[in-house]
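The chain contents come next:
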Amino acid sequence: MSNDDTDDLVFKALGHRVRRRILDLLKAESRTTGMLCDLIPEIDRCTVMQHLRVLEEAGLVVAEKRGRERWNHLDALPVHAIHERWIGPYAAYAAAMLSKLKHRVDA
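(A) Broad picture of the overall build of the protein. Counting secondary structure elements, the protein contains 5 helices and 3 strands. Reading the secondary structure of the protein in the N-to-C direction produces α-α-β-α-α-β-β-α. Relative to the globule expectation of 13 Å for 107 residues, the C-alpha radius of gyration of the protein, 18 Å, shows a markedly less compact shape. Dimensions of the protein, computed from C-alpha atoms along their principal axes, come out at roughly 65 × 30 × 20 Å. Counting all 107 residues of the protein, 26% fall into the buried class. By element, 57% of the accessible surface of the protein is carried by carbon and sulfur atoms, the whole surface being about 7,500 Å².

What follows is the structure, given as structure tokens:
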């Protein structure tokens, strides 16, 4: 899979507010699917599992079976890769442009 394909999966996963909420919950600590369902009562278990599947495909969640429980763990590396590829360089460019503007205004 190319880097662009991987980026597409991550952006797709981050594009839905329920998936971002799940990631926020997993950032605090790993949780079972049941725990996530309890914390997001407005959607049913099947829908939570569908969102988890999208997050897994993007590499943002790693699932581990422990007996009858499925523990979900956050993998922040794909988000870091997006930051390195997209956010960091664009933020540096914007800061440089603002610095140039400030120097022009001050001059």
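Back to the write-up after that little detour.
(B) How the structure looks around the confidence of the model for the protein. Looking at the protein as a whole, its pLDDT mean stands at 91, while 99% of the residues score no less than 70. Mean pLDDT across the elements of the protein bottoms out in helix 5 (residues 77–106) (84) and peaks in strand 1 (residues 31–32) (98).

(C) Structural context of the environment of Asp44. In this fold, Asp44 is placed in the loop between helix 3 (33–39) and helix 4 (45–57). On the basis of relative accessible area, Asp44 is assigned to the partly exposed category, the value being 47%. A sequence separation of 49 residues divides Asp44 from Tyr93, and the C-alpha atoms of the two residues are 43 Å apart.

(D) Broad picture of the sheet that holds strand 2 (residues 61–66). Strand order in the open sheet made by the 3 strands is 1-3-2, with antiparallel pairing throughout. One side of each edge strand has no neighbouring strand; the edge strands of this open sheet are strand 1 and strand 2. As defined by bridge partners, strand 2 adjoins strand 3 (residues 69–74) across 6 bridges and the pair is classed as antiparallel. Looking across to strand 3, one finds that Glu64 is bridged to Trp71.

(E) Here's a closer look at helix 2 (residues 17–28). Here helix 2 spans 17 Å end to end across 12 residues, near enough to the 16 Å set by a 1.5 Å rise per residue. All buried positions along helix 2 are accounted for by Val18, Arg19, Ile22, Leu23, Leu25 and Leu26. End-on, the buried residues of helix 2 take up no more than an arc of 160°, which puts them together on one face. Set apart from the buried face of helix 2 by more than 90 degrees, the exposed residues are Arg17, Lys27 and Ala28. Where the residues of helix 2 are buried, they touch helix 1 (3–14), strand 1, helix 3, helix 4, strand 2 and strand 3.

(F) Local environment of the pattern of salt bridges. One pass over the structure, following the stated rule, counts 5 salt bridges. Between Arg31 and Glu29 there is a salt bridge, with its nearest N and O atoms 3.5 Å apart. On the basis of relative accessible area, Arg31 is assigned to the buried category, the value being 13%. Look at Glu29 and you get partly exposed, because its relative accessible area is 45%. The partner of Arg70 in a salt bridge is Glu56, with the nearest N and O atoms 2.4 Å apart.

What counts, and where the lines are drawn
- Residues numbered from 1 in each chain as written.
- Predicted model: local features only at pLDDT ≥ 70, side-chain atom pairs only at ≥ 80, totals over all residues.
- Heavy atoms only, no water.
- Helix = DSSP H or I, 4+ residues; strand = E, 2+ residues; numbered from the N terminus.
- Rg over C-alpha atoms; globule rule 2.2 N^0.38 Å.
- Buried < 20%, exposed > 50% of the residue type's maximum accessible area, 1.4 Å probe, protein only.
- Areas by Shrake-Rupley, 256 points an atom, 1.4 Å probe, with all protein chains shown as cover.
- pLDDT = per-residue confidence, 0-100.
- Pairing = 2+ DSSP bridges.
- Expected span 1.5 Å × (residues − 1).
- Arc of directions from axis to C-beta.
- Contact = heavy atoms within 4.5 Å.
- Salt bridge = Lys/Arg side-chain N within 4 Å of Asp/Glu carboxyl O.

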